[in-house]
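# Reading the structure
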Amino acid sequence: RTVYVNGAYVPEEDAKISVFDRGFLFADGVYEVTSVLGGKLIDFEGHAKRLERSLSELDMPAPCTMDELLEIHRELVRANGIDEGLVYLQVTRGAADRDFAYPVDAAPSLVLFTQSKPGLAANPVAEKGISVISIEDQRWGRRDIKTVQLLYPSMGKMMAKAAGADDAWMVEDGAVTEGTSNNAYIVKGNTIVTRHLGNEILHGITRAAVLRMAQEAQMQVEERSFTLEEAATADEAFVTSASTFVMPVVSLDGAQIGTGKPGPVAARLREIYLEESLAKAI
Ligand code: PLP
């Protein structure tokens with residue numbers, strides 16, 4: 001596999017990052033994951049904009065322009081022959097003598113790699129839906145910044161696995177924040193409910209697109225907190241992310257949601273999302 005490291009396209013075994021890199025020592029870095037369908041990037045612009053925001057919230061310089069980033073994405077997709085899959089991008093503050101304070105003159109590190117995922121769009125899991133458990137949200141308070149600090153979500157995924165479930169929904173002050181690596185939704189009648197934006201959740205790029213498409217399709221959308229009790233009695237539930245698009249959730253803490261099968265709203269949104277984003281892919 002060819003990967004990109006600080007200006008060079010190299011075989012993955014030749015890629016090198018300093019042991020003093022602040023991404024490694026402090027998780028002082030941000031990332032993006034953009035999906036690839038038919039060899040094209042889904043919503044690159046959305047991901048580039050969020051990257052700029054994450055960088056700016058951390059006073060981190062951008063390693064290059066967003067046009068240059070697009071070129072790197074395209075070159076890696078081409079070099080690795082990716083038809084369906086993902087491009088992972090990470091920017092860290094770079095290498096500097098270890099100190100909590102930000103270094104004044106470190107050059108940011110930029111790393112990108114691809115993952116081939118045949119069947120990403122025609123994912124059989126979406127036909128069955130996934131199961132989630134609820135766990136306490138013990139992450140830091142700036143979840144709107146897409147940092148590489150992912151240990152608690154990893155622990156959450158392991159808690160889910162240990163409970164025989166696929167994923168976990170995190171709960172804070174009695175309300176669901178989001179999934180370990182996705183935004184969470186419930187459906188009540190004709191209304192789609194998902195948590196409002198704030199520092200408590202990541203502002204999903206797929207979330208923004210799906211809510212826009214839902215409104216265009218005359219579906220009702222409410223951006224507000226919801227509880228586990230509300231989720232337990234919902235007609236349907238689903239999650240969204242760049243790598244899973246719209247994924248139905250059919251059980252919560254061992255109890256089925258709605259019919260226990262993917263619901264019509266989630267199925268329809270998945271269809272619309274795939275169709276519209278593929279049409280706009282670049
Ligand atoms: N929430 C969290 C915590 C995430 O890690 C992710 C994606 O990685 C999302 C939501 C979904 O965001 P997006 O749709 O931009 O992939």
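Residues numbered from 1 in each chain as written. Predicted model: local features only at pLDDT ≥ 70, side-chain atom pairs only at ≥ 80, totals over all residues.

Going by an unreviewed UniProt entry, the chain carries the name Probable branched-chain-amino-acid aminotransferase and comes from Thalassobacter stenotrophicus DSM 16310. The record held by UniProt for the chain lists under Cofactor (unreviewed entry) the comment "pyridoxal 5'-phosphate". The annotation that UniProt attaches to the chain under Sequence similarities (unreviewed entry) is "Belongs to the class-IV pyridoxal-phosphate-dependent aminotransferase family." (UniProt positions renumbered as here; feature names shortened; annotations may be inferred.)

## Structural notes on the sheet that holds strand β3 (residues 29-37)
The pairing of strands in a sheet happens through backbone hydrogen bonds and is either parallel or antiparallel. As summarised here, the arrangement of the six strands in space is β2-β1-β6-β5-β3-β4, forming an open sheet in which the pairing is antiparallel. Sheet topology places β2 (8-11) and β4 (40-41) at the edges, where each strand pairs with a single neighbour. As judged from the eight bridges shared by strand β5 (residues 85-92) and strand β6 (residues 109-116), these two strands associate in the antiparallel manner. If you follow Leu89 over to β6, its bridge partner there is Leu112. (Pairing = 2+ DSSP bridges. Helix = DSSP H or I, 4+ residues; strand = E, 2+ residues; numbered from the N terminus.)

## Quick word on the domain arrangement of the chain
Domain boundaries in the chain define domain 1 (2-116) and domain 2 (125-280). Computed over C-alpha atoms, the centres of domain 1 and domain 2 are 26 Å apart. Across the contact, 21 residues belong to domain 1 and 13 residues belong to domain 2. Listing elements by their share of the side of domain 1 that touches domain 2, those giving two or more residues are β3, α2 (44-57) and β5. In terms of residue count, β3 provides more of the side of domain 1 that touches domain 2 than any other element does, eight residues in total. Taken together, the residues that form the side of domain 1 that touches domain 2 break down as eight nonpolar, nine polar and four charged. (Domains from an automatic or database assignment. Contact = placed C-beta atoms within 7 Å. Nonpolar A, V, L, I, M, F, W, Y, C, P; charged D, E, K, R; others polar.)

## Remarks on the site of the ligand
Taken together, 13 residues sit near the ligand, with Leu202, Gly204, Ile205, Thr206 and Ala242 positioned nearest. Within the residue set of the shell around the ligand, elements represented by two or more residues are α6 (205-216) and β13 (236-241). Here the element with the most residues in the shell around the ligand is α6; it accounts for three residues. Counted by class, the shell around the ligand contains four nonpolar, seven polar and two charged residues. (Near = placed C-beta within 6 Å.)

## Some details on unusual backbone geometry
If you check the backbone angles, Gln218 has positive phi at about 65° while not being a glycine. With respect to the helices and strands, Gln218 occurs in the loop between α6 and β12 (220-223). The phi torsion at Phe245 lies on the positive side, around 60°, for a residue other than glycine. Tracing the backbone through its elements, the reader meets Phe245 in strand β14 (residues 245-252).

## Some words on the nonpolar core
Membership of the largest hydrophobic core comes to 38 residues, with the highest contact counts inside it found for Val132, Tyr185, Ile186, Ala237, Phe238 and Val249. Residue assignment for this core shows that the elements contributing at least two residues are β7 (130-136), β8 (167-172), β10 (183-188), β11 (191-194), α6, β13, β14 and α8 (264-280). Top contributing element to this core by residue count: β14, with six residues. What Ala237 contacts, discounting residues up to four positions off in sequence, is Tyr185, Ile186, Val187, Ala231, Val249, Leu252 and Ile257. Ile42, Val77, Leu86 and Leu89 belong to the second largest nonpolar core, which has 22 residues in total. (Core = buried A, V, L, I, M, F, W, Y, C linked by C-beta atoms within 7 Å. Buried ≥ 20, exposed ≤ 12 C-beta atoms within 10 Å, placed from the backbone.)

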